[in-house]
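# Commentary on secondary and tertiary structure
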Amino acid sequence: MLLPMTAEIYRRLDREYPEEIGFIEARSPYEHLIAVIMSAQTTDRQVNQVTPKLFERFPSPADLASAPISEVERIIHSVGFYRVKARNIIGAASVIHHTFHDKVPEEMEELLSIPGVGRKSANVIRGHCFTKPAVIVDTHFARVVRRLGLVQASHPDVIEREIAGMLDGGLQYRFSMTVNMHGRKICHAKKPQCSVCLLEDICRKSGLPEAFQLGNGV
Ligand code: SF4
């Protein structure tokens, strides 16, 4: 179901950010999945700096599944939490190789069975790689939809479920990406740029101080 408010936000953001939005550079669903696992608690830019070397050294799921962990740790060292991430991506490659026969699965439950993959990562893969319905709730998305007044919940699973109920499946991924981009560019965590925001007239500004409610925010 497409609610009028959600439809209007979708329409405006879709026009504002017409380009295809992607933050992670990858050549296949497999590379995308491994990169997404490494993107936890770090920037996509940092991940994009280590993936070329990682996939040059270990191109296939089988290669990475049997890689020495110390070498993987050395390659991905700069992304932070590298010990846990090295273990997760080797484990993920092993599951993709042995359980899914070198093919990244499309279904949520299957994706969640892969080490290091939570709902957010699974939705990134479903939406980006397989054009499946996918609401991607990260810190930017959650902040913006709460301020807009679309949801009140703070738990990502609840936000995902509620937003998914407001949008047709085919629109969910694009909505996620444009809202995310809007959060990065305009609706900043500490100082949202309400005075130049294209959603200002329909935004409830939930949770913002009074100055923003009165339209004095910058
Ligand atoms: S009006 Fe302000 S709070 Fe609302 S979406 Fe725009 S920047 Fe964010």
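Each value, and the rule that gives it
Residues numbered from 1 in each chain as written. Predicted model: local features only at pLDDT ≥ 70, side-chain atom pairs only at ≥ 80, totals over all residues. Heavy atoms only, no water. Domains from an automatic or database assignment. Contact = heavy atoms within 4.5 Å. Buried area = accessible area lost by both parts, 1.4 Å probe. Salt bridge = Lys/Arg side-chain N within 4 Å of Asp/Glu carboxyl O. Polar contact = N/O pair within 3.5 Å; in protein donor to acceptor, adjacent residues only side chain to side chain. Near = heavy atom within 4 Å. Nonpolar A, V, L, I, M, F, W, Y, C, P; charged D, E, K, R; others polar. Helix = DSSP H or I, 4+ residues; strand = E, 2+ residues; numbered from the N terminus. Buried < 20%, exposed > 50% of the residue type's maximum accessible area, 1.4 Å probe, protein only. Phe/Tyr/Trp six-rings, centres within 6.5 Å; stacked < 30°, edge-to-face > 60°. Expected span 1.5 Å × (residues − 1). Axes fitted to C-alpha atoms, helices over the stretch in contact; angles between N-to-C directions. Parallel < 35°, antiparallel > 145°, perpendicular 65-115°, else oblique. Left-handed = near helix turned anticlockwise from the far one by under 90°.

Glancing now at the domain arrangement of the protein chain. According to the domain assignment, the protein chain consists of domain 1 (4-19 + 135-213) and domain 2 (29-130). On a C-alpha basis, the centres of domain 1 and domain 2 stand 28 Å from each other. Domain 1 puts eight residues into the contact, and the matching count from domain 2 is seven residues. Considering only the side of domain 1, the residues that lose the most area to domain 2 are Ile136, Glu160 and Tyr173, jointly responsible for 66% of the buried surface there. Applying the counting rule to domain 1 against domain 2 returns two salt bridges. The partner of Arg184 in a salt bridge is Asp44, with the nearest N and O atoms 4.0 Å apart. One can count four residue pairs in polar contact (both at pLDDT 80 or more) joining domain 1 with domain 2.

Close to the ligand lie Arg147, Leu148, Ile186, Cys187, Pro192, Cys194, Cys197, Glu200, Cys203 and Leu208, which account for all nearby residues. Considering only residue class, the shell around the ligand consists of eight nonpolar, no polar and two charged.

Attention now goes to the pattern of salt bridges. Where charged atoms from two side chains of opposite charge approach closely, those side chains can pair. Overall, the coordinates contain 13 salt bridges when judged by the stated rule. For the salt bridge of Glu71 with Arg57, the shortest nitrogen-to-oxygen distance reads 2.5 Å. Highlighted residues: Glu71 in helix α5 (residues 69-76) and Arg57 in helix α3 (residues 44-57), separated in sequence by 14 residues. With a relative accessible area of 16%, Glu71 lands in the buried category.

What follows concerns the packing of aromatic side chains. In total, this model carries three aromatic pairs according to the counting rule given. With a centroid separation of 5.9 Å and 65° between ring planes, the pair formed by Tyr30 and Phe55 is classed as edge-to-face. With Tyr30 in helix α2 (residues 29-38) and Phe55 in helix α3, this residue pair connects regions lying 25 residues apart in the sequence. Grouping residues by exposure puts Tyr30 and Phe55 together as buried. Here the aromatic cluster, defined as three or more aromatic residues joined through ring pairs, consists of Tyr10, Phe141 and Phe175.

Taking 1.5 Å of rise per residue, 17 residues should cover 24 Å, and helix α11 (residues 169-185) covers 25 Å from first to last C-alpha, within 8% of that figure. Along α11, twelve of the 17 residues are buried, which leaves the element largely enclosed by surrounding structure. Taken together, the buried positions of α11 are Gln172, Tyr173, Arg174, Phe175, Ser176, Met177, Thr178, Val179, Asn180, Met181, His182 and Gly183. On the buried face of α11, the contacting elements are α1 (4-16), α8 (119-130), α9 (139-148) and α10 (156-164).

What follows is about the environment of Val151. Looking at where Val151 falls in the secondary structure, it is placed in the loop between α9 and α10. Sequence spacing of Val151 and Ser206 is 55 residues, and the spatial spacing of their C-alpha atoms is 9.6 Å. Discounting chain neighbours no more than four positions away, the residues touching Val151 are Val145, Arg146, Ile159, Glu162, Ile163 and Met166.

Another point: the environment of Val145. Residue placement: Val145 occurs in helix α9. Distance from Val145 to Ile159, taken between C-alpha atoms, is 8.6 Å for residues 14 residues apart in sequence.

Where α5 contacts helix α6 (residues 82-98), the two axes come as close as 9 Å, and the packing angle between them is 120°. Our classification of the angle between α5 and α6 gives oblique. The chirality of how α5 crosses α6 is right-handed. Listed contacts from α6 to Ile69, Val72, Glu73 and Ile76 of α5 are Tyr82, Arg83, Lys85, Ala86, Arg87, Ile89 and Ile90. Along the lines of polarity and charge, the residues of the contact of α5 with α6 split into seven nonpolar, no polar and four charged.

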